[in-house]
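# Commentary on secondary and tertiary structure
Chain residues, written in single-letter form:
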Amino acid sequence: MKLFGSSGTRGVVGESLTPEFVLRVAKAAGTVWNTDRVAIARDTRTTGEMFVNAASSGLASVGVDVDDLGVVPTPAAVRYCETEEIPAVVITASHNPPEFNGVKLVGDDGVELSIEQLERIEDHILAEEFDVSRWDDVGSVQHIETANDDYREELLANIDRDAIAEANLTVALDPGHGAGSLVSPDFLRELGCEVRTVNAQPDGHFPGRESEPVPENLRDLERLVRATDADVGIAHDGDADRAIFVDEHGEVISGEASLAALAAAFLEPGDVTVSAVNVSQRLVDVCEEVGADLELTPIGATNLITRIRELWREGENVPVAGEGNGGIFFPNYRLVRDGAYIAAKFLELVAERPASEIVAPYQDYYNVRINLSYDSDDELEAMLHAAAEYAESADATPNTIDGYRLDYGDAWVLVRPSGTEPKVRVYAEGHTEERATELAEEAADALRAAVDEL
Ligand code: MG
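Worth saying up front: this structure is predicted, and the values here are computed from it rather than measured. (Residues numbered from 1 in each chain as written. Predicted model: local features only at pLDDT ≥ 70, side-chain atom pairs only at ≥ 80, totals over all residues. Heavy atoms only, no water.)

### Some remarks on the coordination of the magnesium ion
Of the protein atoms, only S94 (OG), D237 (OD), D239 (OD) and D241 (OD) coordinate the magnesium ion, at distances of 2.0 to 2.1 Å. Judged by its relative accessible area of 3%, S94 falls in the buried class. The class of D241 is buried, set by a relative accessible area of 2%. (Donors = N, O, S within 2.8 Å, 3.2 Å for Na, K, Ca; no water. Buried < 20%, exposed > 50% of the residue type's maximum accessible area, 1.4 Å probe, protein only.)

In structure tokens, the structure reads:
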């Protein structure tokens, strides 16, 4: 794929992402999709309205009517697609900085388009093949005001409300000025929680914090948890398809640990879970303990979705899946990452015991990362060749779906070229720092030796 990456297409507005481009994407999607109606949604970014107008115009020009949902979390747009059985163009750059925006395409089954479907749309964009309508057959736009309310109602109907309400939880919430600001505060109140918020007014400048829910951006939330004596803190990214937690002491819980805890709670023997090749040893250990299978895909949510659908066709049950960035799927509810739903599933656990206890079994893991720069394609090739040989001779189970991952049972190492920089990255994780360092250094030495031999 040239135009669409593993999570749609994103760029800096006015540079790599322009209204002209979004217009063409919409015209191509409206041409390829066999539908006369398409939903459009956006997050809180300052450029969202401009791109919504471009996308609406593109769709109308190929004879498609538009349901404009306004500012909604991505999972709310997805729910609308599934219920109405129409596809959607979602204008969002998820967790990227405010100068970015992007386009995500969702099918009429409420699932992000597969790589094959995106390639078909791409072909139409590149060949400029659009079914342009006559003057008396262009589409029209209607504004839908109820998408967020309907989404919230459905969430409430699918959560153990009584258990959460009885626990009288105080919840600190930081939606990061994103689309989650419009849903999560009310949703958590309706679950019976006392809600305290920070950065909860929708604002595409993201004045309070950067959009990505990583620890360095969550200091406000940590302080809010301590100041209000909250039981748990919850943070979303810009389009609220992720949730990251802070424990009752005001410490950010790693996304790997919350994924492992939710997997441990909701996986049964014989189930399958899906994650990416950089998955933490925590999830490997949970699957081992539960007796569930762990399937690994290349990094990126689209790859997980594709694999989960394949597993469904094979008759497998996949109750939980996801990556360690807070993006967790509960596919039996819906095949989407849903920040509010992830938060509520975690609250079901917090209703029973403190957040720090829930994740305590997943704290003692150590990660090491080594970056190896290269100056030429020859050096890159030598390193990748060395990685292949190293993988073959290692006393570990190899996985070559995205780089080289070697599973040693108690630890793992991953060698993978960076997608954005001239570097090969070596990652390792184990139960002790020594073990992780030993594995990372050994693999890195093999790659260094190959470059030295050139
Ligand atoms: Mg997101």
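Having seen the structure, we can now continue with the description.
### As for the sheet that holds strand 19 (residues 412–417)
By way of backbone hydrogen bonds, the strands of a sheet pair with one another, either parallel or antiparallel. The sheet built from five strands is open, its strands ordered 16-20-19-18-17 with antiparallel pairing. The open sheet has two free edges, formed respectively by strand 16 (366–373) and strand 17 (397–399), since each of these has just one partner strand. Strand-to-strand twist of the sheet, defined as the mean angle between neighbouring strand axes without regard to direction, takes the value 15°. Across three bridges, the pairing between strand 17 and strand 18 (residues 404–407) is antiparallel. Pairing of T397 across the sheet is with D407, part of strand 18. (Pairing = 2+ DSSP bridges. Helix = DSSP H or I, 4+ residues; strand = E, 2+ residues; numbered from the N terminus. Axes fitted to C-alpha atoms, helices over the stretch in contact; angles between N-to-C directions.)

### Notes on the pairing of strand 5 (residues 100–106)
The buried fraction of strand 5 amounts to six of the seven residues, a majority that puts the element mostly inside the structure. Here strand 1 (residues 9–12) pairs with strand 5 via four bridges, running antiparallel. Its bridge partner lying in strand 5, G11 is registered against N101. For strand 4 (residues 88–91) and strand 5, the ladder comprises four bridges, and the chain directions are antiparallel. Of the residues in strand 5, the one forming a bridge with I91 is V103.

### Remarks on the side chain of S181
Note that S181 resides in the loop between strand 7 (170–174) and helix 7 (184–190). For S181, a relative accessible area of 9% gives the class buried. A polar side-chain atom of S181 sits 2.7 Å from the main-chain carbonyl oxygen of G178. When residues no more than four places from it in sequence are discounted, the contact partners of S181 are P175, N199, A200, Q201 and P202. (Polar contact = N/O pair within 3.5 Å; in protein donor to acceptor, adjacent residues only side chain to side chain. Contact = heavy atoms within 4.5 Å.)

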